[in-house]
Amino acid sequence: MLLLLIAFLVALLAGWWLLRLGNQVRAASGLPSGEVVYSDTGAWQRQERPLISRQFGLVGKPDYLVAAGAAPVPVEVKSGRRPAQPYPGHILQLAAYCLLVEETWHVAPAFGLLHYAGRAGAGQGASGDPVTLRIPYTPALKAQLLEILSAMRADRQSVNVARSHEEAVRCQHCGLAHACDEKLT
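Conventions and cut-offs
- Residues numbered from 1 in each chain as written.
- Predicted model: local features only at pLDDT ≥ 70, side-chain atom pairs only at ≥ 80, totals over all residues.
- Heavy atoms only, no water.
- Helix = DSSP H or I, 4+ residues; strand = E, 2+ residues; numbered from the N terminus.
- Buried < 20%, exposed > 50% of the residue type's maximum accessible area, 1.4 Å probe, protein only.
- Contact = heavy atoms within 4.5 Å.
- Expected span 1.5 Å × (residues − 1).
- pLDDT = per-residue confidence, 0-100.
- Pairing = 2+ DSSP bridges.
- Right-handed = clockwise from strand over helix to strand, strands pointing away.
- Polar contact = N/O pair within 3.5 Å; in protein donor to acceptor, adjacent residues only side chain to side chain.
- Core = buried A, V, L, I, M, F, W, Y, C linked by side-chain atoms within 4.5 Å.
- Axes fitted to C-alpha atoms, helices over the stretch in contact; angles between N-to-C directions.
- Parallel < 35°, antiparallel > 145°, perpendicular 65-115°, else oblique.
- Nonpolar A, V, L, I, M, F, W, Y, C, P; charged D, E, K, R; others polar.

A few points about the overall build of the protein
Right, so step 1: On a plain count of helices and strands, the protein comes out with four helices and seven strands.
Right, so step 2: Counted from the first residue to the last, the protein has its helices and strands arranged as α-β-β-β-β-β-α-β-β-α-α.
Right, so step 3: Counting all 185 residues of the protein, 29% fall into the buried class.
Right, so step 4: Sequence-distant contacts, at least 24 apart, represent 56% of the contacts inside the protein between residues at least 6 apart.

Structure representation (structure tokens):
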């Protein structure tokens, strides 16, 4: 009987320790507490349908949506090392997911999360440590996103669209490099 009591106490202590460790890992990840209500990773549940905004002609699948208040918080996970500053494209992608949440749930999230996993990669001033950045979803960011979406729609009607960057690495990995007369490499 004493042995059974000792085994029970050891199991209880181990469970408490694992719960505490899990809470510390979650807190260190930067993710809000809440249930994951959407996942596009396919790792542990079925693939979700994309979120759609007919009003803005936008479709997307955030990596995660975490229930944390009136509107789910979109989480975008980037597998590479974090840059010294988040790339504007990463912020706009997250803003697009915030807009899709706003259209789907009829309430805007206050912020989205941009998580850099910290795997090996290049980048001046980059760090290999994982980090989660809280990006406020402001009216100014939404306006910037809508302006860029409008410009993209206009570019789709153009015969020629000028290269929009000065990054040789992007050109090296571009699927249209074979036909581009503005490539940097």
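Moving on from the model shown.
What to know about helix α2 (residues 88–105)
Right, so step 1: Across its 18 residues, α2 extends 25 Å between first and last C-alpha, which sits within 8% of the 26 Å expected from 1.5 Å per residue.
Right, so step 2: Inspection of α2 places His 90, Leu 92, Leu 94, Ala 95, Ala 96, Tyr 97, Cys 98, Leu 99, Leu 100, Val 101 and Glu 102 among the buried residues, and these make up the whole buried set.
Right, so step 3: Within two residues after α2, His 106 carries a phi angle of roughly 60°, on the positive side.

Quick word on the confidence of the model for the protein
Right, so step 1: On average, residues of the protein carry a pLDDT of 80, and 81% of them reach 70 or more.
Right, so step 2: The secondary-structure element of the protein with the lowest mean pLDDT is helix α1 (residues 2–29), recorded at 68, while α2 shows the highest, at 95.

Notes on the pairing of strand β5 (residues 73–78)
Right, so step 1: Among the six residues that make up β5, five are buried, leaving the element largely enclosed by the rest of the structure.
Right, so step 2: The pairing of strand β4 (residues 64–66) with β5 spans three bridges and is antiparallel. Within β5, the residue paired with Leu 65 across the bridge is Pro 74.
Right, so step 3: With four bridges joining them, β5 and strand β6 (residues 111–116) adopt parallel strand pairing. When the sheet's bridge partners are listed, Lys 78 is paired in β6 with Tyr 116.
Right, so step 4: Crossover handedness for the path β5 to α2 to β6: right-handed.

Quick look at the side chain of Lys 78
Right, so step 1: In this structure, Lys 78 sits in strand β5.
Right, so step 2: Residue Lys 78 is classed as buried on the basis of its relative accessible area, which comes to 16%.
Right, so step 3: There is a polar contact of 3.3 Å between the side chain of Lys 78 and the side chain of Glu 76.
Right, so step 4: Those residues in contact with Lys 78 that lie beyond four places of it in its chain are His 90, Gln 93, Leu 114, His 115, Tyr 116 and Ala 117.

Things to note about the nonpolar core
Right, so step 1: Of all hydrophobic cores here, the largest spans 22 residues; its most connected members are Leu 51, Leu 58, Leu 99 and Leu 145.
Right, so step 2: Of all the secondary structure elements, the ones that give two or more residues to this core are α2, β6 and α3 (139–156).
Right, so step 3: For this core, the element with the most residues is α2, which contributes nine residues.
Right, so step 4: Apart from the residues lying within four places of it in its own chain, the contact partners of Leu 145 are Leu 92, Ala 95, Ala 96 and Leu 99.
Right, so step 5: Within the second largest apolar cluster, five residues are counted, among which are Val 66, Val 75, Phe 111 and Leu 113.

What to know about the environment of His 90
Right, so step 1: Mapped onto the fold, His 90 is located in helix α2.
Right, so step 2: Overall, His 90 belongs to the buried group, its relative accessible area being 16%.
Right, so step 3: The contact partners of His 90, leaving out residues within four places of it in the chain, are Lys 78, Leu 114 and Tyr 116.

A look at the packing of α2 against α3
Right, so step 1: Put simply, α2 and α3 touch, their axes get as near as 10 Å, and they point 100° apart. In terms of orientation, α2 and α3 fall into the roughly perpendicular class. Residue-level contacts link Ile 91, Leu 92, Ala 95, Ala 96, Leu 99 and Glu 102 of α2 to Leu 141, Lys 142, Gln 144, Leu 145, Leu 146 and Ile 148 of α3.
Right, so step 2: Split into classes, the residues belonging to the contact of α2 with α3 amount to nine nonpolar, one polar and two charged.

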